[in-house]
Amino acid sequence: MFSKMVRNDFLMNKVVTTAVFVFITMAVILAASAINNIANLIQSMAELQERAVPADITQMHSGEFDQSKIDQFTEKHREYIAMQETMVLLTFDGSHIHFGADQTMAGTVQDISFVVQNEKFDFILDLNNEKLDVQEGEVAVPIYFMQQYDLQIGDTITVKNERYEKEFVISEYARDFEMNSSFTSSKRFVLNQTDYDEMLTMQAGVLEYLIEFKLQDGAESQAVQTAYIEAGLPANGPTVGGAVFLIFNALSDAAVAMVIILISILLIIIASLCIRLSFLATLDEDVREIGVMKAIGISKKDIKKVFLNKYRIMSVIAGVIGYLLSFVVVNLFNGNMKLYLSSDLSGNLKYVLSLAAPLLIYLMIVMYCKKVLKRIDNISAVEALRSSVMDSGKKRKYRLSLMKNHFFTTNIYMGIRDVWKRFKLYRLLFFIFIVSTFMVILPINIYNTMNSPEFSTYMGIGKSDMRIDLRKSDTISEDFIKLQEELQNDADIEKYAAHITSSYQVKNTEGSWDYINIEIGDFSVFPLKYLEVEHRKRKGKSQFLMLMHQRTH
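Please read all numbers here as calculations on a predicted model, not as lab measurements.

(A) Main features of the packing of aromatic side chains. By the definition in use, this model includes 12 aromatic pairs. An angle of 55° between the planes, with centres 5.0 Å apart, marks the rings of F99 and Y149 as tilted. Here F99, found in strand β3 (residues 97-99), pairs with Y149, found in helix α4 (residues 143-149); they are 50 residues apart in sequence, far enough to count as distant. Pair check on accessibility: F99 and Y149 agree, each one buried. Between F145 and Y149, the ring centres sit 6.0 Å apart and the planes meet at 10°, which makes this aromatic pair stacked.

(B) Quick peek at the sheet that holds strand β9 (residues 186-191). Taken together, 11 strands build an open sheet; the order of strands is β4-β3-β7-β8-β6-β9-β5-β2-β10-β1-β11 and the sheet is mixed. Both outer strands of the open sheet, β4 (103-104) and β11 (239-241), are each paired with one neighbouring strand and no more. Here 3 bridges tie β3 to strand β7 (residues 156-160), and the two strands are oriented antiparallel to one another. Paired with H98 across the strands is T158, a residue of β7. Those strands touched by helix α3 (residues 67-76) are β2 (81-92) and β10 (206-215), and its axis lies near 155° from that of β2. Relative to β2, helix α5 (residues 193-201) is tilted by about 60°, and along the sheet it contacts β2, β5 (111-115), β6 (138-142), β8 (165-174), β9 and β10.

(C) Examining the pattern of salt bridges more closely. Tallied over the full model, the rule gives 9 salt bridges. Across the pair K166 and E198 runs a salt bridge whose closest N-O atoms are separated by 3.3 Å. A residue pair is termed long-range when its members are at least 10 positions apart, and K166 in strand β8 and E198 in helix α5 qualify at 32 residues. Across the pair D176 and R188 runs a salt bridge whose closest N-O atoms are separated by 2.7 Å. Taken together, the positions of D176 in the loop between β8 and β9 and R188 in strand β9 put the pair 12 residues apart, joining distant regions of the chain. R188 shares its class with D176; the two are buried. Three or more residues joined by partner-sharing salt bridges are found here, namely D122, D176 and R188.

(D) Molecular detail of helix α2 (residues 14-52). Here α2 is 39 residues long and its end C-alpha atoms lie 55 Å apart, about the 57 Å a rise of 1.5 Å per residue gives. Count one or two residues on from α2 and you reach V53, which has phi positive near 50°.

(E) Summary view of the pairing of β6. Among the 5 residues of β6, 4 are classified as buried, and the element is accordingly described as predominantly covered. Pairing of β6 with β8, which is carried by 5 bridges, proceeds in the parallel orientation. Residue V139 lies in a different strand from β8, and its bridge partner there is I170.

(F) Fine view of the packing of α2 against helix α11 (residues 356-372). Where α2 contacts α11, the axes come no closer than 8 Å and their chain directions differ by 140°. As summarised for this structure, α2 and α11 are arranged oblique, according to the angle between their axes. Where α2 crosses over α11, the handedness of that crossing is right-handed. Across from I24, A27, V28, A31, A32 and I35 in α2, the residues of α11 making contact are A356, A357, P358, I361 and I365. Grouping the constituent residues of the contact of α2 with α11 by class yields 11 nonpolar, no polar and no charged.

(G) Fine view of the pairing of β7. Bridge count for β7 against β8 is 5 bridges, and the pairing is antiparallel. Across the sheet, residue K160 finds its bridge partner in β8, namely E165. In sequence, β7 turns back onto β8 through a hairpin of 4 residues.

Each value, and the rule that gives it
- Residues numbered from 1 in each chain as written.
- Predicted model: local features only at pLDDT ≥ 70, side-chain atom pairs only at ≥ 80, totals over all residues.
- Heavy atoms only, no water.
- Phe/Tyr/Trp six-rings, centres within 6.5 Å; stacked < 30°, edge-to-face > 60°.
- Helix = DSSP H or I, 4+ residues; strand = E, 2+ residues; numbered from the N terminus.
- Buried < 20%, exposed > 50% of the residue type's maximum accessible area, 1.4 Å probe, protein only.
- Pairing = 2+ DSSP bridges.
- Contact = heavy atoms within 4.5 Å.
- Axes fitted to C-alpha atoms, helices over the stretch in contact; angles between N-to-C directions.
- Salt bridge = Lys/Arg side-chain N within 4 Å of Asp/Glu carboxyl O.
- Expected span 1.5 Å × (residues − 1).
- Parallel < 35°, antiparallel > 145°, perpendicular 65-115°, else oblique.
- Left-handed = near helix turned anticlockwise from the far one by under 90°.
- Nonpolar A, V, L, I, M, F, W, Y, C, P; charged D, E, K, R; others polar.

Structure follows, in structure tokens:
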């Protein structure tokens, strides 16, 4: 009788059973792939960080520079600073970088700099995560530009402006821990020392500096940054902590993994709802057989096993298939990781961690089935022989009598009556449609959000066609006024807004003083959307800024 009931269940619910099996398999594939992806991300980030030895604090600077003052500061704070190194960058406009058939990089939003390899830390690596060693006449190109302009090994690029012109052969792709990500606005090309010295002697590019610090184990980064600012050292540019570079490198792959896990959870929910739907339908059909089994003395535990074993077997088969297929599917997600972080993702950690997905999903399905199967406890032998499971233990009076129908056709009315009588069953279908629709819409909405012209507003930057940043210099006030006059007299510009960013001291929760940047200007021209807005008069704002300004001195 047991085998007959299971066989009948498969034959009568082939569509639902197949759907449940497919959903469980897909959930395992995606969950295992996401875990695999996270394991690969952890492994590749650890390897890249170990090989590149990135800086813990990077101060970008443009303008006058005195290395002796940096050295004095380093020696004074040896309890915090383990190593210090300054990288000198020769920065060029994209229009000065030529490649292919008379093409340039003029359209890029990235700052392009030429450098030589560091000696102590912050090493730029090749695709095998080995320290780059570029020969004379060659250049290592950042992966970002390799992808954007389809640059191949053996191709040539020409650096050309009014002072300098030389052709270089692309010998390697540069994997740069600090400037790998497209989120960073600068990219570093690596040259041989001889070529770099020639370029520096001819003053071919604009000099900029990366003042980098490697801290002692356990040293507080914020304390060093505060001391650096208070010492009045070169700081004409942003200060970036090592954690920021780590986040930038992991952000895109981690986001993909999180979306995959979310979709996997939705698939598990759909599978669970389908199981419930299938079980209720099966009980409604087999309620009399269940009553007979109870009447002849078969225990509730044995009756539950009939249904539970079906989903146990289904979950095991789906788990094995999903686990094996996940190692094929994961290659669709980790291409970016192999290129930017590590070409070797062959560690054994992913095989062990990926097992968690099928095991966890199996336990979730079995526990959910056991919860649903508790309905059998409420079915008595007498009730089962004279009613359906949907009616068991209840006395329900149905008001939808066919004789009272005056508005619908008989078929439509009987359909409405059936939905009313078995509302819980059809309610499951409704939730399945909702979750399925959400699962389809979610990736589309994420894609549209990331590609929206208003995406910059989420980062506190108003929606505009162009943003111009002026770095601190001796003539910045005059340049600022002159630029506004040019913008005001330009007929192609509809509107513009001028903002000033200043650094102020604020007291943190620990009682010490930190520095934050505050942007001041007219934000009504390119407005931002706020979750919560508190209107204040301009006088109050000025008093607030005055107070902060006073505390900086």
